[in-house]
Amino acid sequence: MSDYVIIIPGMTALLVFYIYYLSKPRLPINQNRVFLAILAAEFLCMTSETAVVMLNSDYIRTMNLHLLSFINITFFTFYICRSYLFFLFTCIITKTRLSAVKKWITRIPMLITSVIIISSFWNGAVFSLSEKRGFRTGPLFPAVLICVILYALISFGLITVKRKNHTRFEWASCTAYNAVLVCGALGRFIWPLHPALSVFCFLSVIICYLSFENPDIFISDRGGVFNKRALRAVLDESIHNGAYRALGFVLRGYIDERAIYGSTQMDRGVELIIEYLKEKYPKHLLFYLRNGNFVIFDSEALNIYAISEELYARFQQPWRTHDVDIFLTPSFVKVGAESKIRSADTLIDNMLMALEKVGSSNVYGKEMYDLDNTGEIDEQVRVKGALEYAVDNDLAEVFLQPIVKADTGDVIAAEALARIRDEEGRLISPAKFIPIAEKSGYINMLGEQVFEKVCRFVNSNAFSKTGLQFVNVNLSPIQCMRADLSTRFIEIIKKCKSYPERIHLEITEQSMGDSSIIIKQVEILKNAGFQFALDDYGSGYSNLTRLKYYPFLNVKIDMDVVRDHCENKSPFLPNLITVLKQLGYTITAEGIETRSMAEEMRALGCDYLQGFYYSKPVPMEDFAMYYSRMY
Ligand code: C2E
Ligand code: MG
Ligand code: MG
């Protein structure tokens, strides 16, 4: 009776679990196929073990022994098949791709053990049944358990060797379900047939489910279609198989439209689009990647052009939500197996970048952006790779561009400008990598690395030789939004035993939002001894009133404004400089390329000048050689 107390709830839980899993949308990928096979094997194992336990004890005298042997053989065979399936599952999670030959080699233990199990029918190798003595394990019974443990041990090996292919969480989950399987097998040395031991396997199934198979982790919170994680999983497999096609589209101006229509209407709009796609393309996989980005995918045929035409035509009509007509326009990106990209992550990154580009460009209306035939996105990926490599290895370089005193022409300061290199060692311009660093969050680490290098420089003999008074360091708006910016910078300056008064921090108007965070950070840094300059003034909204909230010492006039004035004289710049000087700021003119520009800016009252006319930025290590006062 006690067996039933375990068996009945166990079987019920498995059944409920099974129905729930099958009722949810699943991706057609190997991982899910193997998991489904594990569930089937688990179900058959539990059922056959229940039958075996029940029949072996209660019906051995009344039942045909051949039939009973057959049921026992079925159970043991399912038992080892299941452990092989768990091993296959581990291969998939650790991204171990088995060739056909290796697949057969890995099946050998399962096949040999199956033959031994089946032979028990005649020779009692694994078990024997008799009316008198009932069920008895045979001399080769341990072979069954060794087979199970062997697959778990190979799995442990894969988890360790391929640890770069998975996250810590995945590592822990794989280790956990394999360890539970080993415990279950060890238990069978003591109780060869005990329904309680099937709970171990059920536990392994649950661990797999919660860690890798929960359908909810693959489903978007909008409209029940798949999400980005699902796209990554499906692409991972399709790229390897070399056959797939995807059509991405983005709702143009999604953020602005969201502000106009409101988030509720817009979310409903997105859901209506998803409903339409589900109805129109039931055979293709649909993904929603947030922020108005959709992907229609198929591992085989996908008539990209016909679908984009159809969608474009549908978008000519509004999407009606709560009595509001929402007008939206899509922009398309296509990608297929012809793509040279071999990583799902890179492909998704590229696709999102391409969608962002088409979504904000007027060139791509109905026109499709072909991700396979453009080097432009590749370039962005190349820059991102170089940036990550440089920041992860602290290899970003600092170049210094002199700032001269307008009246004497003496170099009295310098601006620190970050540089990184590509694989061939060529410099990449900050215009390319700073926006990518800002989007990816790398700007914080990059900014700190540049800052630390400058701290060391202003503390060095080289700095003293140059006679510089200070070095300007650029701060990105993203850095300014960090609540711990001042703490981090003060820590670094202490660590380097450097002098804050030798560093001026440049921030742009973009950073000066209404946020109190930045005002507070600036105040703390100012009290710690840093000075502040306002960079690129005149290029943005140039709000004069807002300046009073910030303790700027210096305002740098944007180089476009300087150039503009030198090409077409107008009262704008002279008046601006007059006002700024009256407010007490010193003025730097940026982008001075010629002697006449320098004279012009000097005449307007600028205090400092910076530009290629004096010098291009030079590596920080060489700066002292060029500008040392002792030579
Ligand atoms: P910025 O802070 O306004 O720096 C001045 C930029 O103008 C530098 O470009 C400099 O090389 C360039 N420049 C200077 N004089 C002339 C000239 O006479 N003619 C022309 N055409 N250009 C001149 P760079 O080094 O390419 O940096 C571009 C921008 O990238 C910088 O503009 C700054 O906003 C950003 N940046 C550079 N390094 C860093 C950094 O470490 N952190 C952050 N957050 N931003 C940085
Ligand atoms: Mg600057
Ligand atoms: Mg500037």
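Residues numbered from 1 in each chain as written. Chains lettered and ligands numbered in written order. Predicted model: local features only at pLDDT ≥ 70, side-chain atom pairs only at ≥ 80, totals over all residues. Heavy atoms only, no water.

A. Layout of the overall build of the protein chain. Along the protein chain, the regular secondary structure elements total 24 helices and 19 strands. On C-alpha atoms alone, the protein chain measures out to a radius of gyration of 34 Å, which is more than a quarter above the 25 Å that the 2.2 N^0.38 rule sets for 631 residues. Across its three principal axes, the protein chain shows a C-alpha extent of roughly 115 × 65 × 40 Å. For the protein chain, buried positions account for 51% of its 631 residues. Looking at the protein chain as shown, the accessible area adds up to about 30,100 Å², and 57% of this sits on carbon and sulfur atoms. The protein chain carries 66 positive and 66 negative side-chain charges, and their two centres are separated by 7 Å. (Helix = DSSP H or I, 4+ residues; strand = E, 2+ residues; numbered from the N terminus. Rg over C-alpha atoms; globule rule 2.2 N^0.38 Å. Buried < 20%, exposed > 50% of the residue type's maximum accessible area, 1.4 Å probe, protein only. Areas by Shrake-Rupley, 256 points an atom, 1.4 Å probe, with all protein chains shown as cover. Lys, Arg positive; Asp, Glu negative; His and termini not counted. Charge placed at Lys NZ, Arg CZ, Asp CG, Glu CD.)

B. Highlighting the packing of aromatic side chains. Within the structure shown, the criterion is met by 34 aromatic pairs. Centre to centre, the rings of Y244 and F297 are 6.0 Å apart; their planes meet at 10°, and the pair counts as stacked. A residue pair is termed long-range when its members are at least 10 positions apart, and Y244 in the loop between helix 8 (228–241) and strand 3 (245–251) and F297 in strand 5 (residues 293–298) qualify at 53 residues. Each member of the pair, Y244 together with F297, is buried. Sitting above the plane of the F218 ring, R229 keeps its charged end 5.7 Å from the centroid. (Phe/Tyr/Trp six-rings, centres within 6.5 Å; stacked < 30°, edge-to-face > 60°. Lys NZ or Arg CZ within 6 Å of the ring centre and 35° of its normal.)

C. Just the domain arrangement of the protein chain, in detail. Parsing the protein chain into structural domains produces domain 1 (4–214), domain 2 (219–374) and domain 3 (395–628). For domain 2 and domain 3, the distance between their C-alpha centroids amounts to 41 Å. (Domains from an automatic or database assignment.)

D. The pairing of strand 2 (residues 134–137), seen in detail. Inspection of the sheet shows strand 1 (residues 127–130) paired to strand 2 by four bridges, in the antiparallel sense. If you follow L129 over to strand 2, its bridge partner there is F135. Between strand 1 and strand 2, which follow one another and run antiparallel, lie three residues. (Pairing = 2+ DSSP bridges.)

E. Representation of unusual backbone geometry within the structure. Unusually for a residue other than glycine, R290 sits at a positive phi of about 65°. Structurally, R290 can be placed in the loop between strand 4 (285–288) and strand 5. A positive phi angle, near 50°, is found at D394, a position not held by glycine.

F. Up close: the layout of surface pockets. When its volume is computed, the largest pocket comes out at roughly 1,100 Å³. Around the largest pocket, the lining is made up of 42 residues, and of these E415, L417, N474, D535 and D536 lie nearest the centre. Of all the secondary-structure elements, those providing two or more residues to the lining of the largest pocket are strand 11 (411–421), helix 14 (430–440), helix 15 (442–458), strand 13 (470–474), helix 17 (477–480), strand 14 (503–508) and strand 15 (531–537). (1 Å grid on protein atoms, 1.4 Å probe; cavity = no way out; pocket = protein on both sides within 12 Å on 5 of 7 lines; lining within 4 Å. Points joined across faces, edges and corners; volume = space filled by probe spheres on them.)

G. Expanded view of the coordination of the magnesium ion (ligand 2). With distances of 2.0 to 2.3 Å, the protein atoms coordinating the magnesium ion (ligand 2) are E415 (OE), N474 (OD1), E506 (OE) and D535 (OD). Within one chain, the residues serving as donors to the magnesium ion (ligand 2) are arranged as E-x58-N-x31-E-x28-D. In this structure the magnesium ion (ligand 3) is found 3.7 Å away from the magnesium ion (ligand 2), and D535 serves as a bridging donor for the pair. With E506 in strand 14 and D535 in strand 15, the pair connects residues that are 29 residues apart, well separated along the chain. For E506, a relative accessible area of 1% translates into the label buried. (Donors = N, O, S within 2.8 Å, 3.2 Å for Na, K, Ca; no water.)

H. Focus on the nonpolar core. With 75 residues, the main nonpolar core has F451, I503 and L505 as its most contacted residues. If you tally residues by element for this core, the top one is helix 15, at nine residues. Contact partners of F451, with chain neighbours within four places excluded, come to V473, F489, I492, I493, I503, L505 and F530. Counting residues in each nonpolar core, the second largest holds 57 residues, with L55, Y79, L193 and C201 among its members. (Core = buried A, V, L, I, M, F, W, Y, C linked by side-chain atoms within 4.5 Å. Contact = heavy atoms within 4.5 Å.)

I. Region of the structure containing the side chain of R419. Here R419 shows up in strand 11. For the buried R419, no salt bridge is present, and the opposite-charge side chain at shortest range is E397, 7.9 Å distant. Non-local contacts of R419, meaning those with residues more than four positions away in its chain, are made with A396, E397, F399, L427, I428, P430, F433 and P617. (Salt bridge = Lys/Arg side-chain N within 4 Å of Asp/Glu carboxyl O.)

J. Representation of the coordination of the magnesium ion (ligand 3) in the model. Coordination of the magnesium ion (ligand 3) by the protein comes from D535 (OD), D536 (OD), E590 (OE) and E590 (OE), over a distance range of 2.1 to 2.5 Å. All donor residues of the magnesium ion (ligand 3) come from one chain, and their arrangement in sequence is D-D-x53-E. For E590, a relative accessible area of 7% corresponds to the buried category.

K. Main features of empty space enclosed by the protein. Per the counting criterion, the structure on display carries four cavities of 30 Å³ or more. Reported here for the largest cavity is a volume of approximately 80 Å³. If you go around the largest cavity, the residues you meet are Y79, R82, S83, V148, V180, L181, G184, A185, R188, L197, F200 and C201. For the lining of the largest cavity, the secondary structure elements donating two or more residues are helix 3 (65–93), helix 6 (168–190) and helix 7 (195–213). The leading source of residues in the lining of the largest cavity is helix 6, at five residues. Among the residues making up the lining of the largest cavity, the classes are represented as eight nonpolar, two polar and two charged. (Nonpolar A, V, L, I, M, F, W, Y, C, P; charged D, E, K, R; others polar.)

L. Spotlight on the pattern of salt bridges. Tallied over the full model, the rule gives 33 salt bridges. Of the charged contacts, one joins R258 and D267 as a salt bridge, the two residues approaching to 2.9 Å between their closest N and O atoms. By relative accessible area, which is 25% here, R258 ends up partly exposed. Given a relative accessible area of 16%, D267 falls into the buried group. Across the pair E424 and R426 runs a salt bridge, and its minimum N-O distance is 2.8 Å. Connected through shared salt-bridge partners, R222, R258, D267, R268, E271 and E275 make up one network.

M. Here's a closer look at a nonpolar patch on the surface. A contiguous nonpolar surface patch, about 560 Å² in accessible area, is contributed by L67, F70, I118, F121 and W122. Ranked by residue count, the leading element in the nonpolar patch is helix 4 (residues 100–123), at three residues. Following the sequence through the fold, I118 ends up in helix 4. (Patch = residues over 30% accessible without salt bridge, like charges linked within 9 Å, V, L, I, M, F, W, Y side chains within 5 Å.)

N. The arrangement of the environment of C81 in detail. Locating C81 in the fold gives a position in helix 3. Through-space distance from the C-alpha of C81 to that of C201 is 12 Å; in sequence the pair is 120 residues apart.

O. Layout of the site of ligand 1. Near ligand 1 lie 23 residues; those nearest to it are E415, N474, D535, E593 and F612. Within the side chain of E415, one N or O atom sits 2.9 Å away from an oxygen atom of ligand 1. Between an oxygen atom of ligand 1 and a side-chain N or O atom of D536, the distance comes to 3.0 Å. In isolation ligand 1 has 800 Å² of accessible area, and contact with the protein removes 83% of it. (Near = heavy atom within 4 Å. Polar contact = N/O pair within 3.5 Å; in protein donor to acceptor, adjacent residues only side chain to side chain.)

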